[in-house]
Each structure stands twice: as structure tokens, then as C-alpha cells.
Amino acid sequence: MVASVIDGKAFAAGMRNSIAGDVSRLKEQHGITPGLAVVLVGQDPASEIYVRNKARMTREVGMVSFRHHLPQHTTQKELLQLIENINNDPLMHGLLVQLPLPAHIDEESIITAIRPDKDVDGFHPSNVGRLAMGKSAMVPCTPLGCLMLLKDELGSLAGKNALVLGRSNIVGKPMANLLLREHCTVTVAHSRTRDLIEHCNRVDILVSAVGRPSMIKGNWVRPGSVVIDVGISRIHNSKTGKGRIVGDVDYSEVSQVAGAITPVPGGVGPMTIACLLANTYRASCQIHGLKGETGTTQEL
Ligand code: NDP
């Protein structure tokens, strides 16, 4: 069997298109322009690229992008003050603090200071708790993107056996909670899991968020299953001197066994920013007492 390719890049482009239409209607009918504030502290080159891309795509769908780039030596108190200002600013509906933060700043205190209804990353304990309780919440963008691809591929997920590989707060745990909410039977595996290959072999849905290049081989995967690869690793070819991005899944092997598979790049990655924009649209509607579902996001 040769797997069909789940084209996250095309799906995300369609989502952004649909969000742009929703944003334009929101402006026309209610005079509201969604605004996303992104806060970056320090000079991490990868974070600077992420923030630039987020700002560009925010503008492309007709939203306003507010970028706050603070120096590395910013104190926790100064950062908390900025968050309070953004929390109270009616033009900024979404607020995202780019992680990781410099070591002298306590990440948890910063995340907890964000107003839950502006928390477009879905990391605030209130949103984490609501998601775990199966209630409406701001959902972290990467697992939300994975869920949308899965539902697009499979329709109803009810009754499916799913395995989430990885238990981080930003991907693994929220992914498991989302799949539970869709009535899957969910296993969460991690570095201490025994008989990992056997667990992988028996599921209909495998979502991997580990960060180990090409770890999942063809014989790990149940024939016909759907494989979502969240992992991003940069590997270096010592012969050519060039680097390239690969996922957790050995694509050449697994694509011969699975029913459907996301490529890396071009699978989950583009969905993350599209879901950030969907969350920002939703926040701007809900703050104004409007329903905030875009054409491509389901009721959450
Ligand atoms: P973390 O490092 O926080 O978590 C990795 C998880 O993988 C941990 O739960 C860890 O287990 C588990 N793990 C590590 N090694 C093994 C192993 N050999 N066998 C089984 N489990 C293992 O990573 P993140 O969740 O933040 O990210 C995961 C990957 O997803 C990374 O490659 C990251 O770059 C990528 N990513 C991609 C995004 C996108 O937009 N596409 C967005 C976010 C992340 P334990 O808990 O026991 O240590």
C-alpha cells in the first residue's frame, strides 16, 4: 500500500483564505479589526524568524500585527507590565509570548499573566484545564492543526485507537485531550514507555511529537493507519555540507505501509500558524460577544 499524502500546506493556505474572508466581513459588519500582539524577548535567531513569519501572515489575512521586541536583559517585572498593558488594550485581541524566554524569566508566571481570552497559544492553565475537562477553550495551535488534518482525512474519529508519542504541554498532552474529546481511545507514549513498537502497531492513528529524526520505521506502523508527523529535526549531510528538515517518521518506509501520512516539511508546520490566526479571529469575536468560528475551524 502506498499512503496518500496529507497536504498540510494546501490545507493551511485554504484556511488562511477563509480567515481573510471572515476578517473582511468582521470589519465591514462590526468595525472590528482583529489584532495580534507578539512579544519576543532577546535575540534567538529561530524565534526571530518565527515571529517575522507570524507577523507577515497576520497582515496577509487583514489583521493588525503588533510586535514587541524587548532586549535580552528585560526584567520579569517589565515583561509582566507589558503583558498587563496588552491585556487591557482593546485593539490587541490575541497575545502570544514567543518561547523560550531568557533563563532569568519564569515562563510559568508570564503565561499565567496572559488574559485567558487573549491566550491564542492556549498555554494558560485556565485553557489547559478547560480543554482537559472537555469544555470550550483556546487550544494550542499545533495539536489543533493535527486534529483538523485528521478530521479532514477520516471524518468522525469516534472509536478509533490513537497513540500520541510525546507528552509535552504544548503538543503531546493537548493532542491527547483533543483526541479524547473526539471519542478516540488514546494511549500517550513517552521515553519510558515499554514495548513502544507494539503500541504503535495496533493503532488507527499515530501522532508523533518527539523530535528524533526518522525514528518511526515502516514495521512500527499498522497497515492503512493515519500517521501525523509533528517532529522537526534539522540533519546535516556531511558529504554535501547541506542541512535539511526531517520529521520523526522515516517517510520513505512508512509511506509504503500507512494509509495516509503528513510530509515534513509541508504537513503539520503550516497548520500551526493558520491555527494561530484562527485563534486570533476567534478571540477578537468572543471579546466582542460574537461567535468566533471561521469557515474551516470546528466548534471547540
Ligand atoms: P519535547 O522535547 O517537549 O517533548 C518530546 C517528547 O518526546 C517527550 O514527552 C519525550 O518523553 C518524548 N520522547 C523523547 N525521546 C523519546 C523516545 N526515544 N521514545 C519515545 N518518546 C520519546 O518536544 P515538543 O513536544 O515541544 O516537540 C516535539 C517535536 O515537535 C519537536 O521536534 C519540535 O520541533 C516539533 N514541533 C513542531 C511544531 C510544528 O509546528 N510542526 C510545533 C511544536 C513542536 P519524556 O516526556 O519521557 O521525556
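Residues numbered from 1 in each chain as written. Predicted model: local features only at pLDDT ≥ 70, side-chain atom pairs only at ≥ 80, totals over all residues. Heavy atoms only, no water.

Glancing now at the site of the ligand. Around the ligand, the structure places 21 residues, and the nearest of them are Arg 167, Ser 168, Ser 191, Arg 212 and Thr 272. One nitrogen or oxygen atom from the side chain of Arg 167 is found 2.7 Å from an oxygen atom belonging to the ligand. In this structure, an oxygen atom belonging to the ligand sits 2.5 Å away from a side-chain N or O atom of Ser 191. Isolated, the ligand exposes 940 Å² of accessible area, and the fraction of that covered by the protein chains is 70%. Among the residues making up the shell around the ligand, the classes are represented as 10 nonpolar, nine polar and two charged. (Near = heavy atom within 4 Å. Polar contact = N/O pair within 3.5 Å; in protein donor to acceptor, adjacent residues only side chain to side chain. Areas by Shrake-Rupley, 256 points an atom, 1.4 Å probe, with all protein chains shown as cover. Nonpolar A, V, L, I, M, F, W, Y, C, P; charged D, E, K, R; others polar.)

Turning our attention to helix H1 (residues 8-30). For H1, built from 23 residues, the straight-helix expectation of 33 Å at 1.5 Å per residue is met to within 8% by its first-to-last C-alpha distance of 32 Å. Here H1 has its buried residues at Gly 8, Ala 12, Met 15, Ile 19, Asp 22, Val 23 and Leu 26. Buried residues along H1 sit against helix H6 (141-154) and helix H10 (268-287). Taking the backbone nitrogen of Lys 9 as reference, a side-chain oxygen 3.2 Å away marks Asp 7 as the first, capping residue of H1. Looking at the residues trailing H1, positive phi occurs at Gly 31, about 70°. (Helix = DSSP H or I, 4+ residues; strand = E, 2+ residues; numbered from the N terminus. Expected span 1.5 Å × (residues − 1). Buried < 20%, exposed > 50% of the residue type's maximum accessible area, 1.4 Å probe, protein only. Contact = heavy atoms within 4.5 Å.)

Attention shifts here to the pattern of salt bridges. Across all of its chains, the model carries six salt bridges by this definition. Taking the shortest distance from any N to any O, the salt bridge between Asp 250 and Lys 217 comes out at 3.0 Å. Pair noted here: Asp 250 is in the loop between strand S10 (243-246) and helix H9 (251-254) and Lys 217 is in the loop between strand S7 (205-208) and strand S8 (226-229), with a separation of 33 residues, a long-range link. Accessibility expressed as a relative area gives 13% for Asp 250, which makes it buried. (Salt bridge = Lys/Arg side-chain N within 4 Å of Asp/Glu carboxyl O.)

Side chains on a regular strand alternate between the two faces of the sheet. The pairing of strand S2 (residues 35-41) with strand S3 (residues 64-70) spans seven bridges and is classified as parallel. For Val 39, the partnering residue across the bridge sits in S3 and is His 68. Taking the sense of rotation as the criterion, the β-α-β connection linking S2, helix H2 (residues 45-60) and S3 turns out right-handed. (Pairing = 2+ DSSP bridges. Right-handed = clockwise from strand over helix to strand, strands pointing away.)

Closest axis-to-axis distance for the H2/H10 pair is 10 Å, and the angle between their directions is 55°. For the element pair H2 / H10, the angle class is oblique. Crossing of H2 against H10: the hand is right-handed. Between H2 and H10, the residues in contact are Asn 53, Lys 54, Met 57 and Thr 58 and Ile 273, Leu 276 and Leu 277, respectively. Residue classes in the contact of H2 with H10 are distributed as four nonpolar, two polar and one charged. (Axes fitted to C-alpha atoms, helices over the stretch in contact; angles between N-to-C directions. Parallel < 35°, antiparallel > 145°, perpendicular 65-115°, else oblique. Left-handed = near helix turned anticlockwise from the far one by under 90°.)

Once that is clear, we can look at the sheet that holds S8. One open sheet accounts for six strands, arranged S1-S11-S8-S7-S5-S6; its pairing is parallel. Because the sheet does not close on itself, it has two edges, and the strands there are strand S1 (4-5) and strand S6 (185-189). Bridge count between S7 and S8: four bridges; the pairing is parallel. The partner of Leu 206 across the bridge, within S8, is Val 227. Contacting S1, S7, S8 and strand S11 (260-261), H6 runs over the sheet at an angle of about 160° to S8.

Within the fold, His 93 resides in the loop between helix H3 (76-87) and strand S4 (94-97). At a separation of 3.4 Å, a polar atom in the side chain of His 93 contacts the main-chain carbonyl oxygen of Pro 90. If we skip the residues at most four places from it in the chain, His 93 touches Ile 32, Thr 33, Pro 34, Gly 35, Asp 117, Lys 118, Ala 283, Ser 284, Ile 287 and His 288.

Turning our attention to H2. Between its first and last C-alpha, H2 extends 23 Å over 16 residues, near the 22 Å set by a 1.5 Å rise per residue. For H2, the complete set of buried residues consists of Ser 47, Val 51, Lys 54, Ala 55, Met 57 and Thr 58. Packed against the buried residues of H2 are H1, S2, S3, S4 and H10. Among the residues trailing H2, Gly 62 stands out with phi positive, at a value near 90°.

To continue, consider empty space enclosed by the protein. Taken as a whole and assessed by the stated rule, the structure comprises one cavity of 30 Å³ or more. Roughly 40 Å³ of internal volume is contained in the largest cavity. If you go around the largest cavity, the residues you meet are Leu 95, Leu 96, Val 97, Ile 111, Ile 114, Asp 119, Asp 121 and Phe 123. Top element by residues in the lining of the largest cavity is S4. It accounts for three residues. (1 Å grid on protein atoms, 1.4 Å probe; cavity = no way out; pocket = protein on both sides within 12 Å on 5 of 7 lines; lining within 4 Å. Points joined across faces, edges and corners; volume = space filled by probe spheres on them.)

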